[in-house]
Amino acid sequence: MQPKKEVAPAPAPTQKSTLVIFNQAQNKVREQLMHGQPLSEVLETLIKALQQVHMGMKGAILSVNQETQTLHSACASDLPKSYTDQIEGLKVRLGEGSCGSAAFLKERVIVENIAADSRWGEFHIALDYGLRACWSEPILSSDRAKVLGTFAMYYDTVKTPLAEEIELLELAAGLAGTAMEWHQVLNERKLLESNLREVNSDLLGLNRDLDKRVQDRTTALEYQNRINKTITDNATAALFMMNENGYCTFMNPAAVAMIGFTMEEVKEKPLHDLIHHTHPDGTHYPMAECPIDRALPQDSSVRAHEDVFIRKDGTFFPVLCAASPIKENGVPVGTVVEVRDVTREKQAQQEIVESAERFKMLLEAMPQLSWTANAAGELDYINDRWISDYSHEDPQIYGFGATWMKSVHPDDVAHVDKAWAHAVATGQNYETVFRIRQLDGVHRWHLVRALPLRDRQGKVMKWFGTSTDIHEQRLAMEHLAQTQAQLEQANGELSQKNQELTRTNADLDNFIYTASHDLRAPIINLEGLLVALEEELGEPTENIRPLLGMMDRAIVRFKKTIEDLTDISKTQRNTDEVSEIIDLPELLDEVKESVCELIRKEAATITSDFSDMNTIRFSQKNLRSILYNLVSNAIKYRSPERPAMVKVSAVKVHDQVRLRVQDNGLGVNMSYADQLFGMFKRLHDHVEGSGVGLYIVKRIVENANGRIEVQSEIGAGTTIDVYLPL
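Here is a short report on the structure shown in this document. (Residues numbered from 1 in each chain as written. Predicted model: local features only at pLDDT ≥ 70, side-chain atom pairs only at ≥ 80, totals over all residues. Heavy atoms only, no water.)

1. Quick word on the overall build of the protein chain
Inclusion rule: The way it works is that DSSP assigns letters per residue, a run of H or I at least four long becomes a helix, a run of E at least two long becomes a strand, and they are numbered from the N terminus. When accessible area is computed with a 1.4 Å probe and restricted to protein chains, residues below 20% of their type maximum are described as buried, those above 50% as exposed, and intermediate ones as partly exposed. In this description, contact between two residues means that some pair of their heavy atoms is separated by no more than 4.5 Å. Accessible surface area values rest on a Shrake-Rupley calculation with a 1.4 Å probe, where residue burial reflects the displayed protein chains alone.
Secondary structure assignment for the protein chain yields 21 helices and 23 strands. Residues counted as buried form 38% of the 726 residues belonging to the protein chain. Across the protein chain, the fraction of contacts at a sequence separation of at least 24, relative to all contacts at a separation of at least 6, is 55%. Carbon and sulfur atoms make up 53% of the accessible area of the protein chain, which totals about 40700 Å².

Rendered as structure tokens:
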């Protein structure tokens, strides 16, 4: 297709008419923008204004997509739609026609003859629509750093622009850029105003919600304070709080009743100087030697400490104490002390000792043979009457059992062995008759009886037996009745003490459960209130930020203590868990996922060997607790001299499963191994922890009739074996 030649170009408009028309277009564009008309209509107005100067010009404005760097039609009403559809998405690069090249170069591109220009090689479709020339001006942002689009002038003839036409093209592109940027600013302003209205509405709602939450939290705190006061006022144990100087800052009514001093009186001097200043023998008791007052400066807790206090009237009374430091931001600032008056317990213990002495004297004074045996049936005591009447051999030297059996008639030995073995095996009362040789060589018939002493679980702890010469039946029966009555009285006293201990343990379990349950809600309330306070404060000042941090850490520590108490309570209450088949590798993977952050932090390596046994029937929750506590402890107490290595394995040992957790950590002194599984006991203080995990493990294993063995070497590591029944 041959381009048409420009035969007689129309005379160019004068400079005055061009500027007049452009100024009119500029005013019109601004007016439309201020009235919020669509950008396409504004750009259409601009093109129409230019066409008053260039009657044969067809204008097109393309916008740049900054992300894809492509051109898209913003206004091209004079061009055929089928043509604009084909150039939609034009790339910003050289060779993409006048507009793609101008946008890429950020400079004007004048194509006088589309048919002869290489930049239009792939877009000669323009010729099919009668387009012969195209001048394109890039539309730049106000800072000229970014291309917003292009302004193109198409002609249906080959055409060379005049200086006035180039100036007009440049002015039009600048006005189009202003329109585009202004339209974008208006849109952003509208969006910002809409967002501000929404945010303002949300803030009003949040303020109303915050006011209600603050009111609810205040009400809850007031209620909790009343509950706490009720608890302390009605607690049977005496509660004291001391500051760092040993002065009492709080005591509950039970404490006032116990020591006889009022709160005003105890404020006058350190509490030690009022109720703990003198030993029972009259010697002075320095405060520096008092373990209760040392709890704060030494930052250590005192548990089950037996001592003697002094009442206001000067009388001494035995007590059982517990003292713990009160910390703020990790620094001990006071001490809380719990005290129980154990006068009755001490009296009961003394009565038991005296009763045991009387019982021994009774056994020695009896005209019968009296003896005791351990749970395995081995004799460990025979009264002195045995040596005086039956054998000169000292059973302490030759053995109680051997000395006894030498005196049994040969014909009765088999019968005696069988009856005694049956009693020991079944725990049933022992009663039989056989002949015993006296020092004169005569065998006399004896009625031999034995009763087992059992613990609270019904397990036999001791056997108490007598051997009565039935030749003097009546006298023997009288002595036997007396002995039986005394034995029953002793058993009754022991049973009563066992019942008291059972009730005490039940009360402690209930207290732990109730305390952990009732304290959970106020802690959650405090945590929520702290979050609300932080939201209310916004960006806290340098003075407030540390206080908020201390409050947050205190709440976290309190929550952890409550969780530990809850775990202990659940362990002590839930002894009948449902057993199921547990996949040990899967369970270990769950535990590793739970402690993944600790593994990453300590760069620990955990390996396993379940080749001998990879499943076990047990409570899923309890076995996970065992494995979690043992693995996490093994990582926490790693040696700083080497990476932590933990190996978990399981093998079958007779009728049990041995679950082993082995590490290469710090190790412990085996002389303190009995403290390893104690509640709140920790043998290393440099690692954070409450000392509850291993206690829970021990309770779970013992509740399942299992056992735990520990082997450890300081500096080499620790191996913990948990034996569980199949």
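The structure having been displayed, the exposition proceeds.
2. Concerning the environment of I166
Tracing the backbone shows I166 in helix α6 (residues 163-234). Sequence separation between I166 and S136 is 30 residues; the distance between their C-alpha atoms is 9.9 Å. Ignoring anything within four residues of it in the chain, the contact list for I166 reads R108 and P161.

3. Overview of the pattern of salt bridges
Applied cut-off: Counted as salt bridges are all cases of a side-chain nitrogen of Lys or Arg within 4 Å of a carboxyl oxygen of Asp or Glu.
For the structure shown, the criterion picks out 23 salt bridges. A salt bridge links K346 to E306; the nearest nitrogen and oxygen atoms lie 2.8 Å apart. Residue K346 is located in helix α11 (residues 343-365), and its partner E306 is located in strand β9 (residues 302-310); the two are separated by 40 residues in the primary sequence. When the shortest N-O distance is used, the salt bridge between R435 and D412 registers 3.0 Å.

4. Observations concerning empty space enclosed by the protein
Using the following cut-off: For cavity detection a 1 Å grid was placed over the protein atoms alone, and a set of points counts as a cavity when a 1.4 Å probe fits there but cannot get out; an open set counts as a pocket when protein lies on both sides within 12 Å along at least five of seven lines, with lining residues being those that have an atom within 4 Å of a point. Grid points are joined across faces, edges and corners, and a volume is the space filled by probe spheres set on the points. Think of it as three bins: nonpolar holds Ala, Val, Leu, Ile, Met, Phe, Trp, Tyr, Cys and Pro, charged holds Asp, Glu, Lys and Arg, and polar takes everything else, Gly as well.
Within this structure, the stated rule accounts for 5 cavities of 30 Å³ or more. What the largest cavity holds in volume is close to 90 Å³. The element contributing the most residues to the lining of the largest cavity is helix α9 (residues 271-275), with 3 residues. Taken together, the residues of the lining of the largest cavity sort by class into 9 nonpolar, 2 polar and 1 charged. As a volume, the second largest cavity reaches approximately 70 Å³. Around the second largest cavity, the lining residues are L62, Y83, I87, L90, E96, G97, S98, C99, W120, F123 and Y154.

5. Some details on unusual backbone geometry
Unusually for a residue other than glycine, A304 sits at a positive phi of about 50 degrees. Note that A304 resides in strand β9. A304 sits in the exposed class, given a relative accessible area of 56%. Non-glycine residue H654 carries a positive phi angle of around 55 degrees. Take H654: it is sitting in the loop between β20 (645-653) and β21 (656-663).

6. A short note on helix α2 (residues 39-51)
Applicable threshold: Here the expected length of a helix is defined as 1.5 Å per residue gap, with one fewer gap than residues.
With 13 residues, α2 should cover 18 Å at 1.5 Å per step; its first-to-last C-alpha distance of 19 Å lies within 8% of that length. With respect to burial, α2 is a largely interior element, 10 of its 13 residues being buried. Within α2, burial applies to L39, V42, L43, E44, T45, L46, I47, A49, L50 and Q51.

7. Let's talk about the pairing of strand β11 (residues 331-341)
Short version of the rule: In this analysis, strands are considered paired if DSSP registers two or more bridges between them.
Note that strand β7 (residues 238-243) and β11 share 6 bridges and pair antiparallel. Within the sheet, the bridge partner assigned to M241 lies in β11 and is V336. The pairing of strand β10 (residues 316-328) with β11 spans 10 bridges and is antiparallel. Bridge pairing in β11 places A322 opposite E338.

8. Focus: the packing of helix α18 (residues 584-594) against helix α20 (residues 620-636)
Counted only if it meets this: Lines are fitted to the C-alpha atoms to define the axes, a helix being fitted only along its stretch in contact, and any angle between axes, read from their N-to-C directions, falls within 0 to 180 degrees. By the definition adopted for this analysis, an angle is roughly parallel if under 35 degrees, roughly antiparallel if over 145, roughly perpendicular if from 65 to 115, and oblique otherwise. Crossing handedness follows the turn of the near helix against the far one: under a right angle anticlockwise gives a left-handed crossing, and clockwise gives a right-handed one.
At a minimum axis distance of 10 Å, the contact between α18 and α20 shows a crossing angle of 55 degrees. Classed by the angle they form, the pair α18 and α20 counts as oblique. When you trace α18 past α20, the crossing you get is right-handed. Counted together, L584, L587, L588, E590, V591 and S594 of α18 and Q620, L623, R624, L627, Y628 and V631 of α20 form the full contact between these two elements.

9. Thoughts on the nonpolar core
Note the following rule: Buried residues of nine kinds, namely Ala, Val, Leu, Ile, Met, Phe, Trp, Tyr and Cys, make up a nonpolar core once their side-chain atoms join them within 4.5 Å.
Of all hydrophobic cores here, the largest spans 41 residues; its most connected members are L623, I626, L627 and V648. Contributing elements (two or more residues each) for this core: α18, α19 (596-602), β19 (615-618), α20, β20, β21, α21 (693-703) and β23 (717-725).

10. Points about the pairing of strand β16 (residues 460-469)
Within β16, 7 of the 10 residues are buried, which leaves the element mostly enclosed by the surrounding structure. Where strand β12 (residues 369-374) meets β16, 6 bridges bridge the pair, whose relative direction is antiparallel. Residue pairing across strands places T372 opposite F464, the latter belonging to β16. Pairing geometry for strand β15 (residues 443-454) and β16, over 9 bridges, is antiparallel.

11. Remarks on helix α4 (residues 97-105)
For α4, a buried count of 7 out of 9 residues is recorded, marking the element as mostly surrounded by other parts of the structure. Where α4 is concerned, the buried positions are G97, S98, C99, G100, S101, A102 and A103. One or two positions beyond α4, positive phi appears at K106, with a value near 60 degrees.

12. Looking at the environment of C248
Within the secondary structure, C248 is located in strand β8 (residues 248-251). It is 9.1 Å that separates the C-alpha atoms of C248 and E268, two residues lying 20 residues apart in sequence. When near neighbours in sequence (up to four residues on either side) are disregarded, C248 contacts F240, M241, M242, M263, V266, K267 and L271.

13. Examining the sheet that holds β20
Across a sheet, strands are paired by hydrogen bonds formed along the backbone, either parallel or antiparallel in direction. Taken together, the 5 strands give an open sheet; going across it, the order is β18-β20-β21-β23-β22, and neighbouring strands pair in mixed fashion. Of all strands in the sheet, those bounded by a partner on one side alone are β18 (605-609) and β22 (707-713). Geometrically, the sheet is characterised by an average inter-axis angle of 15 degrees between neighbouring strands, direction not taken into account. Taken together, the 5 bridges between β18 and β20 define a ladder with parallel strand orientation. Bridge pairing in β20 links D609 to S649. In this fold α20 packs onto β18, β20, β21 and β23, with an angle of close to 25 degrees to the strand it touches most, β21.

14. Comments concerning the state of the cysteines
Rule in force here: Disulfides are defined in this document as cysteine sulfur pairs within 2.5 Å.
Scanning the entire structure with this criterion turns up 0 disulfides. With no disulfide of its own, C134 lies closest to C99 among cysteine sulfurs, the gap being 5.0 Å.

15. Things to note about the sheet that holds β11
One open sheet accounts for 5 strands, arranged β8-β7-β11-β10-β9; its pairing is antiparallel. Every interior strand has two partners, whereas the edge strands, β8 and β9, have only one. Each strand axis lies, on average, 30 degrees off the axis of its neighbour in the sheet, ignoring direction.

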